[in-house]
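Structural description and commentary
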Amino acid sequence: MNHNHEAEPDVLAETEQFAIWRSLEDDDVYMYHVELGGSLTLHLTPEEWEEFVLLVRNASAE
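What counts, and where the lines are drawn
- Residues numbered from 1 in each chain as written.
- Predicted model: local features only at pLDDT ≥ 70, side-chain atom pairs only at ≥ 80, totals over all residues.
- Heavy atoms only, no water.
- Core = buried A, V, L, I, M, F, W, Y, C linked by side-chain atoms within 4.5 Å.
- Buried < 20%, exposed > 50% of the residue type's maximum accessible area, 1.4 Å probe, protein only.
- Helix = DSSP H or I, 4+ residues; strand = E, 2+ residues; numbered from the N terminus.
- Contact = heavy atoms within 4.5 Å.

1. So, the nonpolar core
Counting residues in hydrophobic clusters, the biggest one holds five residues: Tyr32, Val34, Leu44, Trp49 and Val53. Looking at this core, the elements that each hand over two or more residues are strand E3 (30-36) and helix H1 (46-60). With sequence-adjacent residues up to four places away left out, valine 34 is seen in contact with Ala19, Ile20, Leu40, Thr41, Leu42, Leu44, Trp49 and Phe52.

2. Notes on the environment of leucine 12
Looking at the element boundaries, leucine 12 is found in strand E1 (residues 10-14). Separated by 22 residues in sequence, leucine 12 and valine 34 have C-alpha atoms that sit 9.9 Å apart. Leucine 12 has contacts with Ile20, Trp21, Arg22 and Tyr32, leaving out every residue within four places of it along the chain.

What follows is the structure, given as structure tokens:
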């Protein structure tokens with residue numbers, strides 16, 4: 001987890017109910033965070049993020 005509390009999160013997109021942001025972790029790797037309605041947050045590695053994006057793209061193509 002990111003222990004640098006001075007760094008601001010990089011908000012990639014947000015709506016009234018959802019937000020996606022990323023944080024740079026101690027090992028200089030980004031973690032992606034998907035906030036779902038304020039009650040659940042997914043924390044994804046870069047590899048998981050790419051798979052999640054592909055999943056959403058495929059679902060929206062239907």
